[in-house]
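For reference, the chains in residue letters:
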Amino acid sequence: MATRIDKEACREAYNQVRDDNTDINWAAFKYDGSMIVPAGQGTDYEEFKSQCGDDVRLFGFVRITTGDAMSKRAKFTLITWIGENVSGLQRAKISTDKTLVKDIVQNFAKEFMISDARELDEDYIRTELKKAGGANYDAQAE
């Protein structure tokens, strides 16, 4: 059966992460049978990481604050998580299913495809987002 997505519910979760007036900084989208649905959202990145199990495949939309003492900026990333125990067929299908998610999650600075939990480290994601952002004016880092 072809994969479908709950557009309205997923769009609502996406918009809450993008909204500067909420503390929500991540939303996860998981499979419920052949339907991609919101699977949670929150304010703590560790909560998001806890959803990324070995038997799970999911998409995450995450807000990371970057910048220096003079300027803080919100950067967004799309994370595709594929757990180590996910079958080959499901791994292959996630690439085509991602287009459904990208119809809703359209604004992000960098995209990650991750299957190693160590790459979910928040500092690693932040560093990669800084690189994707171009010039780094943080004088404190030198």
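One numbering rule holds for all chains: residues counted from 1, following each sequence as written. Per-residue local features of the predicted model are confined to residues with pLDDT of at least 70, and side-chain atom pairs are confined, for both listing and counting, to 80 or more; whole-chain, interface and lining totals are unaffected and use all residues. For the side-chain quantities, the full set of heavy atoms in the structure was used; hydrogens and water were omitted.

Student: Quick rundown of the nonpolar core? Include the residues and the values.
Tutor: In this description, a nonpolar core means a group of buried Ala, Val, Leu, Ile, Met, Phe, Trp, Tyr and Cys residues linked to one another through side-chain atoms lying within 4.5 Å. When a residue's accessible area, from a 1.4 Å probe over protein chains only, is under 20% of the maximum for its type it is buried; when over 50% it is exposed; and in between it is partly exposed. Grouped together as the largest cluster of nonpolar side chains are 20 residues, with contacts concentrated most on Phe29, Ile36, Phe59, Phe61, Val101 and Val105. Those elements that place two or more of their residues in this core are helix 1 (7-18), strand 2 (26-32), strand 4 (57-67), strand 5 (72-82) and helix 3 (88-102). Strands here are runs of E lasting at least two residues and helices are runs of H or I lasting at least four, both read from the DSSP assignment and numbered beginning at the N terminus. At 4 residues, helix 1 tops the list of elements feeding residues into this core. Those residues in contact with phenylalanine 29 that sit more than four places away from it in its chain are Cys10, Ala13, Tyr14, Ile36, Val37, Pro38, Ala39, Leu58, Phe59, Phe61 and Val105. Among the nonpolar cores identified, the runner-up in size contains 16 residues, and Tyr45, Phe48, Trp81 and Leu120 belong to it. Any two residues whose heavy atoms approach within 4.5 Å at even a single point are treated as in contact.

Student: Any chance you could break down the sheet that holds strand 6 (residues 110-114) for me, citing the residues and the numbers?
Tutor: In a beta sheet, neighbouring strands are held together by backbone hydrogen bonds and run either parallel or antiparallel to one another. Any two strands are treated as partners once DSSP identifies two or more bridges connecting them. Pairing is mixed in the open sheet, where 6 strands are placed in the order 1-3-2-4-5-6. Of all the strands in the sheet, just strand 1 (4-5) and strand 6 have a single pairing partner and so form its edges. Of the strand pairs in this sheet, strand 2 and strand 3 (residues 35-42) are connected by 7 bridges, and their pairing is antiparallel. Note on strand 3: the bridge partner recorded for lysine 30 is valine 37.

Student: Outline the environment of threonine 99, supporting the account with residue identities and numerical values.
Tutor: By secondary structure assignment, the location of threonine 99 is in helix 3. Given the relative accessible area of 47%, threonine 99 is considered partly exposed.

Student: Go over the packing of aromatic side chains with me, naming the residues and quoting the values.
Tutor: Note on ring pairs: Phe, Tyr and Trp rings are taken, using the six-membered ring of Trp, and paired if centres are within 6.5 Å. Classes follow the plane angle, with under 30 degrees stacked, over 60 edge-to-face and the rest tilted. Under the defined criterion, the tally for this structure stands at 6 aromatic pairs. With 5.7 Å between their ring centres and 40° between their planes, tyrosine 45 and phenylalanine 48 make a pair best called tilted. Here the residue tyrosine 45 and the residue phenylalanine 48 both occupy positions in helix 2 (residues 45-50), the gap between them amounting to 3 residues, near one helical turn. For the pair formed by tyrosine 45 and phenylalanine 48, the shared burial category is buried. Members of the aromatic cluster, connected to one another through ring pairs, are Tyr14, Phe61 and Phe76. Only when the NZ of Lys or the CZ of Arg is both within 6 Å of the ring centre and within 35 degrees of the ring normal is a charge said to sit over the ring. Cation over ring: arginine 18 sits above phenylalanine 76, and NZ or CZ is 4.6 Å from the ring centre. Sitting over the ring of phenylalanine 112, lysine 110 keeps its end group 5.6 Å from the ring centre.

Student: Tell me about the pairing of strand 5, and name the residues and values.
Tutor: Burial analysis of strand 5 places 8 of its 11 residues in the buried class, which makes it a mostly covered element. Bridge count between strand 4 and strand 5: 11 bridges; the pairing is antiparallel. When the bridges of strand 5 are listed, arginine 63 appears paired with phenylalanine 76. Pairing of strand 5 with strand 6, which is carried by 5 bridges, proceeds in the parallel orientation. Across the sheet, isoleucine 79 pairs through a bridge with phenylalanine 112, a residue of strand 6.

Such coordinate-based values are descriptive only and should not be taken to indicate function.
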